[in-house]
Amino acid sequence: MLVKIPKGWEIPEREVTPEHVYLNRRKFLASASAGLVGGLIRPGTLGGSPAATAGAKRGLAPLVAPRNPEYKTDRPITRERIATGYNNYYEFTEAKDQVWKVAQDFEPRPWQIEFKGHIEKPFKIEIDDLIKQMTLEERVYRLRCVERWVVIIPWIGFPVKKLIELAKPTSRARFLRMVSFFRPAQAPGQREGTWSTYWPYHEGLTMEEAYNELAFMVVGAYGKILPNQNGSPLRLHTPWKYGFKSIKAITRFEFVEKRPATFWNTAVPNEYDFEANVNPGKPHPRWSQAQEQLVETGEVVPTRLYNGYEKYVAHLYK
Ligand SMILES: Nc1nc2c(c(=O)[nH]1)N[C@H]1C(S)=C(S)[C@@H](COP(=O)(O)O)O[C@H]1N2
Ligand SMILES: [Mo]
C-alpha cells in the first residue's frame with residue numbers, strides 16, 4: 001500500500017548526514033538542500049538541462065534492448081531527468097543535483113577493462129569489444145540508497161554471470177573485486193581532501209552473489225548509452241543491496257580468495273558493512289531504515305527486505 005507523505009513529515013537533519021558522516025559539514029549542507037533533509041525532494045526542481053537526460057548536450061547514442069519481463073517494480077519508472085539529475089558519485093561532487101554537470105567532461109571512451117586474479121588467463125578488453133560479446137537486455141530495477149532515497153530505472157546491460165563466464169575463474173576465486181577509475185584531472189572529488197586516501201572507489205561481492213541472476217552489469221539506461229553521472233561506461237547494479245555496492249565506471253575485475261576491502265566499509269566501518277543488504281529491521285547507526293522516499297514523487301513508503309527482491313536472493317543468506 002501506498003503511504004503518502006504526512007504533512008510536515010521530516011527526517012531530522014541530524015539523522016540523514018549522508019555517507020561521509022560529519023567530515024565535510026559545510027559542503028553537505030549545500031548539497032542536502034535537494035535531498036531528504038527537509039523531508040521532500042520537489043519534483044521538477046532537479047537538473048538544469050532541458051534535455052531528457054540531464055546534461056546530455058548533444059544527446060547520447062541510442063542503445064535499445066528487449067525488456068526482460070521477469071523483474072517487476074512496485075512503482076512506475078522514474079522520469080529520466082530525475083534519475084539522471086540526482087546522483088551519488090563522490091568522485092565528482094557530493095551535491096547530488098550537480099553530479100550530471102560536474103561529470104559532463106569525463107571521458108568514458110576509450111575505456112579498457114582489466115581482468116585479473118584467479119582466472120585461466122588475465123586479459124584486458126575495450127568496453128565496446130566487451131559489449132559486442134554480450135546479449136543486451138533491459139531490466140527495470142529499483143535502486144535504494146542507504147540514505148533512504150529510491151529511483152526506478154530501466155537499465156540496459158547483461159548478467160554479471162556472463163562476464164564471469166568470459167573471465168573463466170578458477171576454483172580458488174571466492175570473491176569478485178571491482179575497482180573504479182582514478183583520474184583526478186577529470187574528477188574534482190578525487191583532488192580534494194576528505195576521501196583522498198580511499199580512491200579509487202572499490203567494491204566486492206561473493207562469487208555466489210555475483211552469479212545470482214539479479215546481479216547486472218549496466219552499460220545503458222532509458223534506451224541510450226549510460227550517461228556519465230550514472231556510471232558510464234560500465235557499472236554494477238545489485239538491486240537487493242544498498243546503492244553504494246553498485247560501483248560505477250569499473251576499470252578492473254579481480255577474482256580473489258579473501259574478502260576484499262570496500263570503499264565505504266574502509267572509510268566508515270561502523271556504518272557500512274560488506275554485505276549491505278537492504279533491511280528495514282536493521283537501522284543505520286544514525287537513522288532508521290524502516291522507510292524510504294521515492295525521489296520523483298516524494299512519497300515515503302516502507303522499506304522492503306532485500307529491497308523487494310527476497311525471492312531471488314534470500315537463500316544466499318540462510
Ligand atoms: N564509483 C562510484 N560508484 C558509486 C558511487 C560513488 O560515489 N562512486 N556511489 C554509490 C551510491 S552511494 C549510490 S546510491 C549509487 C547511485 O547510483 P545512481 O547515481 O546511478 O542513482 O551509485 C553508487 N556507485
Ligand atoms: Mo547510496
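Since we're looking at a predicted model, the values are computed, not measured. (Residues numbered from 1 in each chain as written. Chains lettered and ligands numbered in written order. Predicted model: local features only at pLDDT ≥ 70, side-chain atom pairs only at ≥ 80, totals over all residues. Heavy atoms only, no water.)

Chemist: Help me out: how do you make sense of the side chain of Gln289 in this one?
Modeler: Structurally, Gln289 can be placed in the loop between helix 7 (263-267) and strand 11 (291-294). The buried category is assigned to Gln289, whose relative accessible area is 2%. At a separation of 3.0 Å, a polar atom in the side chain of Gln289 contacts the main-chain carbonyl oxygen of Val146. Beyond its immediate chain neighbours, meaning those up to four positions away, Gln289 contacts Arg144, Val146, Arg148, Tyr242, Asn279, Pro280, Lys282, Pro283, His284 and Thr303. (Helix = DSSP H or I, 4+ residues; strand = E, 2+ residues; numbered from the N terminus. Buried < 20%, exposed > 50% of the residue type's maximum accessible area, 1.4 Å probe, protein only. Polar contact = N/O pair within 3.5 Å; in protein donor to acceptor, adjacent residues only side chain to side chain. Contact = heavy atoms within 4.5 Å.)

Chemist: Would you explain the layout of surface pockets in this entry?
Modeler: Where empty space is left can be seen by rolling a probe of water-molecule size over the atoms. A volume near 460 Å³ is recorded for the largest pocket. Around the largest pocket, the lining is made up of 22 residues, and of these Arg58, Leu60, Gln104, Phe106 and Asn228 lie nearest the centre. Class assignment of the residues belonging to the lining of the largest pocket gives a composition of ten nonpolar, seven polar and five charged. As a volume, the second largest pocket reaches approximately 290 Å³. Lining the second largest pocket are 20 residues, with Tyr242, Asp273, Ala276, Asn277 and Lys282 sitting closest to its centre. A class-by-class count of the residues in the lining of the second largest pocket yields eleven nonpolar, five polar and four charged. (1 Å grid on protein atoms, 1.4 Å probe; cavity = no way out; pocket = protein on both sides within 12 Å on 5 of 7 lines; lining within 4 Å. Points joined across faces, edges and corners; volume = space filled by probe spheres on them. Nonpolar A, V, L, I, M, F, W, Y, C, P; charged D, E, K, R; others polar.)

Chemist: What am I meant to see in the packing of aromatic side chains here?
Modeler: One pair of aromatic rings is described through two measures. These are the centre distance and the angle between the planes. Within the structure shown, the criterion is met by 27 aromatic pairs. Taking 6.0 Å as the distance between ring centres and 35° as the angle between the ring planes, the aromatic pair formed by Phe92 and Phe181 counts as tilted. Of this pair, Phe92 sits in the loop between helix 2 (80-83) and helix 3 (99-102) while Phe181 sits in the loop between strand 5 (175-180) and strand 6 (202-206); the two residues are 89 residues apart in sequence, bridging distant segments of the chain. Comparing Phe92 with Phe181, the two get one shared label, buried. (Phe/Tyr/Trp six-rings, centres within 6.5 Å; stacked < 30°, edge-to-face > 60°.)

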